[in-house]
Structures are given as structure tokens and as C-alpha cells.
Amino acid sequence: MATATNGRPRGSLTVRIIAMPADTNANGDIFGGWVLSRMDQAGGIAAVERAKGRVVTIAIEAMTFIRPVRVGDVLEVYTEIEKVGRTSMKIHIEAWARRFMTHHHEKVTDANFTFVAIDDDGRPRVIPRDGVQV
């Protein structure tokens, strides 16, 4: 594994995807929205597993893009559940790029996302404390 420039990723690797030319802006960098979407996807995976059912994203705390993602980079998204409340949870999400060819590993952004567990009618539901559906 290549050395990380900003320490080590926090949490568990949840999503891994290669950045493609169709995902770029006019400068050839990957759109920030593409990165944000992958982060929301990873957070949703972690939240669904913890909530044992449907969830929705309700908030994203401030994000700062540290470095660009380029075509050919592998975006790795890590998640760590920070807090679980009655119906919501806060998940810390970090995006790292494994650079094309060099395999240099560096953090590109992070944020805290809040997800709410919902029932089949879209209303908030209690998140199980013991991992069992309620």
C-alpha cells in the first residue's frame, strides 16, 4: 500500500471507483459533485447497514476540497459512524485518491453527513440499538 500524505484514512473502506473522462469539468478535473455523490453513496451504505433499513441524507456539514481528483485516479471512500441517535446518525466520510500510475494515496475531502432512518411511508423510525429491526 502506498504512503498516505495526510495520515491514514479514518473508518472502513466502503466505496471504491475509478474516475473516468465523462466525470470531468472543462479543466480535466473530476467534478466536485461526482465526488460528493460517491461520498453520499458510501454514507448511505454504512447508514443502511447500521439502521437495518431505509435511510435518507438530511445534512452535510461543510466540505472543503483539498486536492483534485483526476481521470484514472481510484477514488476510495471511507466511512465511520460517529453518533447514533434515536432516528438519525452522523457519519464521518473521507474521500481519498489513489493516483493513476504512481499509486500515491492522498486525502481529497471529508465531511460529516447526517442520515435519518425512515419507514416504508417515509417517516422517521427508531434505529435499532442492538442491530435488530424494530
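Criteria and cut-off values
- Throughout, residues of each chain are indexed from 1 in the direction in which the sequence is written.
- Confidence filtering applies because this is a predicted model: local features only for residues at pLDDT of at least 70, side-chain atom pairs given and counted only at 80 or more, and all residues used for totals across whole chains, interfaces and linings.
- The basis for every side-chain value is the complete set of non-hydrogen atoms in the structure, without hydrogens or water.
- For the purposes of this entry, the term helix denotes a DSSP run of H or I that reaches at least four residues, the term strand denotes a run of E that reaches at least two, and both are numbered from the N terminus.
- Each residue's exposure class comes from its accessible area (1.4 Å probe, protein chains only) as a fraction of the maximum for that residue type: buried when under 20%, exposed when over 50%, partly exposed otherwise.
- In this analysis, two residues are considered to be in contact whenever any of their non-hydrogen atoms come within 4.5 Å of each other.
- Two strands pair under a simple rule: DSSP has to find at least two bridges between them.
- To get an axis, fit a line to the C-alpha atoms, keeping to the stretch in contact for a helix; angles then go from 0 to 180 degrees between the N-to-C directions.
- A pair is scored as a salt bridge if a Lys or Arg side-chain nitrogen falls within 4 Å of a carboxyl oxygen belonging to Asp or Glu.
- To estimate the expected span of a helix, subtract one from its residue number and multiply by 1.5 Å.
- Throughout this description, a polar contact denotes any pair of N or O atoms lying within 3.5 Å of each other; where both atoms belong to protein, one of them has to be capable of donating a hydrogen while the other can accept it, and for residues adjacent in sequence the pair is counted only when both atoms sit in side chains.

## Some points on the overall build of the protein
Here comes step 1: Helix and strand counts for the protein stand at one helix and five strands.
Here comes step 2: Starting at the N terminus and walking to the C terminus, you meet the elements of the protein as β-α-β-β-β-β.
Here comes step 3: A buried classification covers 39% of the 134 residues belonging to the protein.
Here comes step 4: For the protein, contacts bridging at least 24 residues in sequence account for 71% of all contacts bridging at least 6.

## So, the sheet that holds strand 5 (residues 105–117)
Here comes step 1: As summarised here, the arrangement of the five strands in space is 1-3-4-5-2, forming an open sheet in which the pairing is antiparallel. The open sheet terminates on both sides in strands that have one partner only, identified here as strand 1 (12–18) and strand 2 (55–60). In this sheet, adjacent strand axes meet at a mean angle of 35 degrees when their direction is disregarded.
Here comes step 2: Bridging between strand 3 (residues 74–84) and strand 4 (residues 88–98) involves ten bridges; their strand directions are antiparallel.

## Describing the pattern of salt bridges
Here comes step 1: Tallied over the full model, the rule gives twelve salt bridges.
Here comes step 2: The salt bridge involving Lys-107 is made with Glu-94; its shortest N-O contact spans 3.7 Å. One end of the pair, Lys-107, is in strand 5; the other, Glu-94, is in strand 4, with 13 residues separating them in the sequence. Here the two residues Lys-107 and Glu-94 agree in accessibility, since each one is buried.
Here comes step 3: The residue Arg-99 makes a salt bridge to Glu-106 at a minimum N-O spacing of 2.6 Å. Residues Arg-99 and Glu-106 agree in their burial class; the two are buried.

## Let's talk about the pairing of strand 3
Here comes step 1: With six bridges joining them, strand 1 and strand 3 adopt antiparallel strand pairing. Following the sheet pairing, Ile-18 is matched in strand 3 by Val-74.
Here comes step 2: Remark: three residues form the turn of the hairpin made by strand 3 and strand 4, two consecutive strands paired antiparallel.

## Some words on helix 1 (residues 32–51)
Helical periodicity: at 3.6 residues per turn, an α-helix aligns residues three or four positions apart in one direction.
Here comes step 1: A rise of 1.5 Å per residue sets the reference length of helix 1, with its 20 residues, at 28 Å; its end C-alpha atoms lie 28 Å apart and thus fit the reference within 8%.
Here comes step 2: For helix 1, the full list of buried residues reads Trp-34, Val-35, Arg-38, Met-39, Ala-42, Gly-43, Gly-44, Ala-46, Ala-47 and Ala-51.
Here comes step 3: In this structure, the buried side of helix 1 is in contact with strand 1, strand 2, strand 3, strand 4 and strand 5.
Here comes step 4: At the exit of helix 1 stands Lys-52, carrying a positive phi of roughly 55 degrees.

## Examining the side chain of Glu-76
Here comes step 1: Relative to the helices and strands, Glu-76 is located in strand 3.
Here comes step 2: The exposure class assigned to Glu-76 is buried, which follows from its relative accessible area of 3%.
Here comes step 3: A distance of 3.3 Å separates a polar atom in the side chain of Glu-76 from a polar atom in the side chain of Arg-16.
Here comes step 4: Engagement of the side chain of Glu-76 in a polar contact is seen with the side chain of Tyr-78, the distance being 2.9 Å.

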